[in-house]
Protein chains: 2
Amino acid sequence: MKVKEIMDKEFISVLEDQSVEEAAVIMENRKKFTTPVVDEDKRLVGWITSFNVTKGLREGKHKVSEIMHSKDNIVHVHENNPARLAVLEISHHKLISVPVLNNEGILVGVVRTFDIVQTLSKMYEVKVYKIFKAMEQELKGVSWDELMEASAIVTRRRTGEMVTAEEYEFRIKEATFGEAIWSTGGLEKFFVGLIAIGQLVTAKKVARARK
Amino acid sequence: MKVKEIMDKEFISVLEDQSVEEAAVIMENRKKFTTPVVDEDKRLVGWITSFNVTKGLREGKHKVSEIMHSKDNIVHVHENNPARLAVLEISHHKLISVPVLNNEGILVGVVRTFDIVQTLSKMYEVKVYKIFKAMEQELKGVSWDELMEASAIVTRRRTGEMVTAEEYEFRIKEATFGEAIWSTGGLEKFFVGLIAIGQLVTAKKVARARK
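Quick look at the structure, then. (Residues numbered from 1 in each chain as written. Chains lettered and ligands numbered in written order. Predicted model: local features only at pLDDT ≥ 70, side-chain atom pairs only at ≥ 80, totals over all residues. Heavy atoms only, no water.)

### Focus on helix α5 (residues 83-93) of chain B
Here α5(B) has its buried residues at Ala83(B), Arg84(B), Ala86(B), Val87(B), Glu89(B), Ile90(B) and Ser91(B). Remark: Lys94(B) follows α5(B) within two positions and exhibits a positive phi of approximately 55°. (Buried < 20%, exposed > 50% of the residue type's maximum accessible area, 1.4 Å probe, protein only. Helix = DSSP H or I, 4+ residues; strand = E, 2+ residues; numbered from the N terminus.)

### Focus: the packing of helix α7 (residues 128-138) of chain B against helix α9 (residues 165-174) of chain B
Residue and element names in this part refer to chain B. Between α7 and α9, whose axes approach to 6 Å, the crossing angle comes to 115°. Between α7 and α9, the residues in contact are Val 128, Tyr 129 and Phe 132 and Tyr 168, Ile 172 and Lys 173, respectively. Partitioned by chemical class, the residues of the contact of α7 with α9 number five nonpolar, no polar and one charged. (Axes fitted to C-alpha atoms, helices over the stretch in contact; angles between N-to-C directions. Contact = heavy atoms within 4.5 Å. Nonpolar A, V, L, I, M, F, W, Y, C, P; charged D, E, K, R; others polar.)

### Thoughts on empty space enclosed by the protein
The final tally for this structure, using the stated rule, is four cavities of 30 Å³ or more. Considered as a void within the structure, the largest cavity measures approximately 60 Å³ in volume. Taken together, Ser121(A), Tyr124(A), Glu125(A), Thr176(A), Gly178(A), Glu179(A), Trp182(A), Arg84(B), Val87(B) and Leu120(B) make up the full set of residues lining the largest cavity. Elements represented by at least two residues in the lining of the largest cavity include exactly α6 (113-124) and α10 (177-184) of chain A together with α5 of chain B. For the lining of the largest cavity, the leading source of residues is α10(A), giving three residues. Here the lining of the largest cavity is composed, by residue class, of four nonpolar, three polar and three charged. (1 Å grid on protein atoms, 1.4 Å probe; cavity = no way out; pocket = protein on both sides within 12 Å on 5 of 7 lines; lining within 4 Å. Points joined across faces, edges and corners; volume = space filled by probe spheres on them.)

### Topic: unusual backbone geometry
Backbone geometry follows two general trends: most residues other than glycine have a negative phi, and most peptide bonds adopt the trans configuration. Residue and element names in this part refer to chain B. A positive phi angle, near 55°, is found at Lys 31, a position not held by glycine. Residue position: Lys 31 is located in the loop between α2 (20-30) and β2 (34-38). You can call Lys 31 exposed: its relative accessible area is 61%. Even without glycine at this site, Lys 42 takes up a positive phi of about 65°. Structurally, Lys 42 can be placed in the loop between β2 and β3 (44-49). The exposure class assigned to Lys 42 is partly exposed, which follows from its relative accessible area of 40%.

### With respect to the relation of the copies chain B and chain A
For the pair chain B and chain A, the relating rotation is 180°, the translation along its axis is 0.0 Å, and the fit reaches an RMSD of 0.3 Å. Such values leave the two copies arranged in the relation of a two-fold axis. (Least-squares fit on C-alpha atoms with pLDDT ≥ 70 in both.)

### Quick notes on the interface of chain B and chain A
Facing the 62 residues of chain B at the interface are 63 residues of chain A. Roughly 5,900 Å² of surface becomes buried between chain B and chain A when both sides are summed, with 73% attributable to carbon and sulfur atoms. There are six salt bridges connecting chain B and chain A. The shortest N-O distance in the salt bridge between Arg158(A) and Glu138(B) comes to 2.7 Å. Across the contact surface, chain B and chain A share eleven residue pairs in polar contact (both at pLDDT 80 or more). Counting only elements with at least two residues in the side of chain B that touches chain A, the list comes to α2, α3 (50-58), α5, α6 (113-124), α7, α10 (177-184) and α11 (187-210) of chain B. (Buried area = accessible area lost by both parts, 1.4 Å probe. Salt bridge = Lys/Arg side-chain N within 4 Å of Asp/Glu carboxyl O. Polar contact = N/O pair within 3.5 Å; in protein donor to acceptor, adjacent residues only side chain to side chain.)

### Here we look at the sheet that holds strand β2 (residues 34-38) of chain A
Residues and elements named next belong to chain A. Spatial strand order, β1-β2-β3-β4: four strands in an open sheet with mixed pairing. What marks the edges here is a single partner per strand, and that holds for β1 (14-15) and β4 (69-70). Lying on the sheet, helix α2 (residues 20-30) is in contact with β1, β2 and β3 (44-49); it crosses β3 at an angle near 70°. (Pairing = 2+ DSSP bridges.)

### Some thoughts on the nonpolar core
If you look at the biggest cluster of nonpolar residues, it comprises 94 residues, and the most contacted ones within it are Val111(A), Phe132(A), Phe177(A), Val111(B), Phe132(B) and Phe177(B). With sequence-adjacent residues up to four places away left out, Val111(A) is seen in contact with Val3(A), Ile6(A), Met7(A), Ala86(A), Ile90(A), Ile96(A), Ser97(A), Val98(A), Val100(A) and Ile116(A). Val14(A), Ile48(A), Val64(A) and Ala24(B) belong to the second largest nonpolar core, which has 26 residues in total. (Core = buried A, V, L, I, M, F, W, Y, C linked by side-chain atoms within 4.5 Å.)

### A short note on the environment of Gly109(B)
Residues and elements named next belong to chain B. Secondary-structure assignment places Gly 109 in strand β7 (residues 107-112). Judged by its relative accessible area of 0%, Gly 109 falls in the buried class. Sequence separation between Gly 109 and Leu 57 is 52 residues; the distance between their C-alpha atoms is 27 Å. The contacts of Gly 109, once residues within four sequence positions are left out, are Met 7, Asp 8, Phe 11, Val 98, Pro 99 and Val 100.

### Section: the pattern of salt bridges
Throughout the structure, instances matching the rule amount to 20 salt bridges over all chains. The partner of Lys32(B) in a salt bridge is Asp8(B), with the nearest N and O atoms 3.9 Å apart. Of this pair, Lys32(B) sits in the loop between α2 and β2 while Asp8(B) sits in the loop between α1 (3-6) and β1 (14-15), and the two are 24 residues apart along the sequence. The shortest N-O distance in the salt bridge between Glu136(B) and Lys133(B) comes to 3.1 Å. Of the two residues, Glu136(B) and Lys133(B) are both situated in helix α7; the distance of three residues between them amounts to about one turn of the helix. With a relative accessible area of 23%, Glu136(B) lands in the partly exposed category. Classification of Lys133(B) as partly exposed rests on a relative accessible area of 30%. Residues joined by salt bridges that share partners form a network here, namely Asp8(A), Lys32(A) and Arg112(A).

In short, shape yes, function no, at least from these values alone.
Next comes the structure, spelled out in structure tokens:
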């Protein structure tokens, strides 16, 4: 996934010559805590946050140019950068949003922490059930009931918890991937559990074929 | 994971009687775009954002009580709620942060989108290599080279791409889980690929044992 796929293209921007009051109203109305400052060609020339605006209003500053951060101090990403670079930059510099430029240095979007939370959390909300359904399709010749039985056996072996196949099925219908990772103790452990289940059903299938 | 494990306990707060100017300075200095308003017992009574502050300054409002959202309109979570509830509330209501209360209704923390991005992105940054190492440990009697060979075969079958075992190993040493998911086309597909690899090495192991 590239930066351009997660960026907000409907971003707001202000001009250096605009008044601090005007910038404040635009940011209030569009509910943006930060906004890029651009020239007439949409080239990035600065950046303001609500902190610059409240300080500017308190100190009686007039123009955006008096309160903005200049271009040299602004972290930005390129539209074709991998999306995770924007996540890393935001995480590393503790930003709320980061401007996106194209090859010509024109501002084409803004990536906001909010958009990232939505993108990342979507994956966390995938139901574990869906992963098992994909597994059932992949493990040809293994029935759903066999898969649930093997899952209950592996869970009992690993956790000592006396869970039945029916209980296991009920559990994965409710649980999300995020919950599963947090309850098994991490991504690798979750996957290893699934691999163990895959091995067990495959072994049973082989044993059955030999009979 | 619970809300209290991801919340910021070093949050700022303001009182209803404080001036809008004072609130602005606190928020600027501590770089918070939002802040809870509390009473003397640290009970949540309101919420202000930088938008309330800039509007208040522009309109000459004096006290925090004149610009704040009242308690009834504030989305909040409980400290013992699952962390993902905070993520869902933030995502659903398009918030930047959400206050956390305890059983007594006392404000004990604030969950910010920034903290969530850090928590969620950590998982995305897990190296795929670590998942395969965990898989090697689980698949007893299968060597690392056999695992890489099987992985290259499965990749060739699925994508048509002529990758060798060595190239595959190099690739997973570099790749993160986030990249792997985005390049395979989703969580289920990534996992199904792993199951296919697990099946192939198991089949080879069984065939070898029969010889």
